Amino acid sequence: MPVWAEDAMPWLPRLSLATRPLYRAIADAIAEDIANGRLVPNQQLPTQRQLAEHLGINFTTVTRAYNEARERGLIEARVGSGSYVRGESRPVRPSEPLPPPEVRRGADMSMNLPPEPADTALAAQMQAGLAALQPRLPELLRYQEFGGSLRDREAGASWLARHWPEVPAARLQVCPGAQSALLSILTLLKAAEPGAVVCCAALTYPGLRAVAGQLGIRLIGLPIDEAGIDPEAFAAACARYSPRALYCNPTLHNPTTYTMPPTRREAIAEVARHYQVSIIEDDAYAALPRQPVAPLASYAPELTYYIAGLAKCLGAGLRLAYVVAPGQAEARRLAGALRATTVMASPLNATLATEWIESGVAVRWLEAIRNETRARYALVGEWLPQGSFRGQPDAFHIWIPLASHWSRAAFAHRLGSFDISVVPSDAFTVSGQAPEAVRVCLGGTISRQSLAVALGDIAQTLQSRPDQHIGVI
């Protein structure tokens with residue numbers, strides 16, 4: 001690979017003072033110079049290190065710039081040779097048109113949604129499942145059996161059996177989303193009675209906080225580590241508060257992404273059994289890992305209300321969840337609570353989910369989501385500084401603990417200037433001081449290209465300081 005003298009560099013970007021990130025300004029300069037003929041097809045560019053040294057900037061900034069240019073189809077990397085302007089007379093454009101350089105491309109990374117796979121053949125199969133309901137439409141517009149039809153319950157049991165073999169279908173209820181199940185279970189457990197307590201992780205699902213606030217339930221946050229809720233802290237809380245239930249999200253925890261290992265699940269189950277405390281297991285992400293972990297319900301089935309919604313593995317618009325009660329009597333009471341609060345799950349939605357599960361389309365869609373999730377997590381590893389985040393390849397959200405010079409509010413505000421929305425830790429904190437951290441979601445409708453741009457903006461912000469962005473004098 002040639003090494004050029006400073007006065008013989010084959011190309012240098014002409015950079016103006018702009019508000020856009022430097023890596024994007026370099027990529028824009030490549031695009032502009034290709035358009036005006038200053039760069040020609042097959043022309044070799046300086047190495048990333050040479051360009052970084054010549055411009056006096058960080059090597060990773062140039063790496064991001066070249067990655068951005070490759071994403072746009074402007075340049076290509078040739079193994080053992082370097083980076084070159086693409087050989088076509090005009091660069092290949094991405095399927096998504098790029099905005100003008102001065103326009104920032106933002107991203108809503110606040111809502112935890114699965115990524116949407118770009119598989120038109122699979123989408124057509126899902127559409128066929130919807131069309132198959134048309135002959136049954138009059139029937140599906142009527143009131144249906146409370147807790148779901150036998151066929152829907154059996155389909156739900158089949159869906160759960162991939163990570164919970166021999167799930168008791170007789171104790172399974174179909175309900176309109178995990179949130180309605182959570183409301184009904186807490187009502188059933190009389191958790192809203194004066195003085196009643198529910199334990200949960202110190203950082204927990206905001207939906208639980210919303211229900212607890214609505215019902216006047218007192219939540220006790222328990223310390224967590226990389227394996228989940230601390231069993232000793234749970235035992236101490238049981239002895240002190242006699243809680244009605246423990247709420248937990250043990251697989252790909254929202255927001256920290258930890259997954260409880262089997263030993264920790266067994267320990268939590270033993271504490272619950274000793275103190276006869278009900279467990280509400282919200283296993284929203286259980287279908288995502290390719291190596292599933294047996295649910296807490298398999299360790300303490302007589303105590304556990306198990307909730308598995310379809311929002312995070314098929315689509316939030318289905319508004320459907322499967323709930324397994326600890327026993328037949330509890331299942332009947334739960335059916336009554338669901339009837340009182342939500343009447344029934346939508347027969348249209350339940351039947352559509354059953355159709356997809358029985359035909360195998362649901363598993364294929366789940367696999368496409370898994371593949372897309374892993375691809376997006378790989379982008380995180382490419383763009384964010386090593387050690388700056390916590391995540392799992394099977395999770396479509398990451399947790400970013402912030403350096404001491406950043407507050408969560410200032411960090412979120414700074415990202416807002418890039419039109420990027422993230423969720424500060426306050427939304428998840430049950431009690432005490434919220435940690436300086438934010439949750440960042442990787443799914444939804446955002447494309448991989450746009451995600452890479454947003455991650456570049458997040459990386460730039462992580463590597464800067466708040467006082468570098470003060471715009472008032």
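Below you will find a few notes about this structure. (Residues numbered from 1 in each chain as written. Predicted model: local features only at pLDDT ≥ 70, side-chain atom pairs only at ≥ 80, totals over all residues. Heavy atoms only, no water.)

## Description of the pattern of salt bridges
Tallied over the entire structure, the rule returns 19 salt bridges. For R24, the salt bridge goes to D457, with nearest N and O atoms at 3.0 Å. You can see R24 sitting in helix 1 (residues 22-35) and its partner D457 sitting in helix 15 (residues 448-462), a full 433 residues away along the chain. Residues R24 and D457 agree in their burial class; the two are buried. D394 is paired through a salt bridge with R374; the nearest N and O atoms lie 3.1 Å apart. Remark: R374 occurs in helix 13 (residues 361-383) and D394 occurs in the loop between helix 13 and strand 13 (397-401); sequence separation between them is 20 residues. Accessibility expressed as a relative area gives 13% for D394, which makes it buried. According to the relative accessible area criterion, R374 is partly exposed, its value standing at 36%. Salt bridges sharing common partners tie together R14, D33 and R38. (Salt bridge = Lys/Arg side-chain N within 4 Å of Asp/Glu carboxyl O. Helix = DSSP H or I, 4+ residues; strand = E, 2+ residues; numbered from the N terminus. Buried < 20%, exposed > 50% of the residue type's maximum accessible area, 1.4 Å probe, protein only.)

## Quick notes on the packing of helix 7 (residues 178-188) against helix 11 (residues 328-342)
Running from N to C, helix 7 and helix 11 cross one another at 120°; their axes reach a closest spacing of 9 Å. Relative to helix 11, helix 7 is oriented so that their crossing is right-handed. Here S180, A181, L183, S184, I185 and L188 of helix 7 lie close against helix 11, whose contacting residues are E330, R333, L334, A337, L338, T341 and T342. Taken together, the residues of the contact of helix 7 with helix 11 sort by class into 7 nonpolar, 4 polar and 2 charged. (Axes fitted to C-alpha atoms, helices over the stretch in contact; angles between N-to-C directions. Left-handed = near helix turned anticlockwise from the far one by under 90°. Contact = heavy atoms within 4.5 Å. Nonpolar A, V, L, I, M, F, W, Y, C, P; charged D, E, K, R; others polar.)

## Focus: the side chain of H253
Tracing the backbone shows H253 in the loop between strand 9 (245-248) and helix 10 (262-275). In terms of polar contacts, H253 uses its side chain to reach the backbone carbonyl oxygen of L203, at 2.9 Å. Among residues more than four places away in sequence, those in contact with H253 are A201, L203, T204, I224, Y258 and H397. (Polar contact = N/O pair within 3.5 Å; in protein donor to acceptor, adjacent residues only side chain to side chain.)

These values are about where atoms sit, not about what they do.
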